[in-house]
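Breakdown of the fold
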Amino acid sequence: MKQFLASSIVNGNEIQLVKVNNWFFIYWGSPDRPSSIKKLVTPSGRRPCESSAHKQFIQAVKASHYVKFNKL
């Protein structure tokens, strides 16, 4: 089951935090379709807790102010 937890639009591009089957993903790209999907994992390869996923989402939003989406 796909669940959208958070969303932010930066420079016309959308970043979404999505939970799918208890795994967290960050979707990058235009609001209608993502151009890149990043699966969030811990350094040991396990699922992160929800607060850690939110922190990584906030870092991605901050980074998107400096990174051009066509370079991803």
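Residues numbered from 1 in each chain as written. Predicted model: local features only at pLDDT ≥ 70, side-chain atom pairs only at ≥ 80, totals over all residues. Heavy atoms only, no water.

Some thoughts on the packing of aromatic side chains
- Enumeration according to the criterion identifies zero aromatic pairs in this entry.
- Taking NZ or CZ as reference, arginine 47 lies 5.5 Å from the ring centre of tryptophan 23, over its face. (Phe/Tyr/Trp six-rings, centres within 6.5 Å; stacked < 30°, edge-to-face > 60°. Lys NZ or Arg CZ within 6 Å of the ring centre and 35° of its normal.)

Details of the sheet that holds strand S2 (residues 13–20)
- Pairing is antiparallel in the open sheet, where four strands are placed in the order S1-S2-S3-S4. Here the strands that pair on one side only, and so sit at the sheet edges, are strand S1 (2–10) and strand S4 (34–39). The sheet shows a mean angle of 20° between the axes of neighbouring strands, direction not considered.
- Sheet topology note: the strand S3 (residues 23–29)/S4 ladder contains five bridges and is antiparallel. What sits directly across from glycine 29, in S4, is proline 34. (Pairing = 2+ DSSP bridges. Helix = DSSP H or I, 4+ residues; strand = E, 2+ residues; numbered from the N terminus. Axes fitted to C-alpha atoms, helices over the stretch in contact; angles between N-to-C directions.)

Considering the pairing of S3
- Summarising burial for S3: six of the seven residues are buried, a large majority.
- Relative to S3, S2 is paired through seven bridges, and the arrangement is antiparallel. Across the sheet, residue valine 18 finds its bridge partner in S3, namely phenylalanine 25.
- In this structure, the hairpin formed by S2 and S3 is closed by a connection of two residues, where asparagine 21 is found at a positive phi of approximately 50°. (Buried < 20%, exposed > 50% of the residue type's maximum accessible area, 1.4 Å probe, protein only.)

Focus: the nonpolar core
- Residues Ala6, Val10, Ile15, Leu17, Phe24, Ile26, Trp28, Leu40, Ala53, Phe57, Ala60 and Val61 constitute the largest nonpolar core, which totals 12 residues.
- At the level of secondary structure, the elements contributing two or more residues to this core comprise S1, S2, S3 and helix H1 (50–64).
- The element best represented in this core is H1, accounting for four residues. (Core = buried A, V, L, I, M, F, W, Y, C linked by side-chain atoms within 4.5 Å.)

Quick notes on the pairing of S1
- Both S1 and S2 contribute to a ladder of eight bridges, which runs antiparallel. Note that in S2 the partner of alanine 6 across the bridge is leucine 17.

A short note on the confidence of the model for the protein
- Scored by pLDDT, the protein comes out at a mean of 87, with 92% of its residues at no less than 70.
- Least confident of the elements in the protein is S4, whose mean pLDDT is 86; most confident is H1, at 93. (pLDDT = per-residue confidence, 0-100.)

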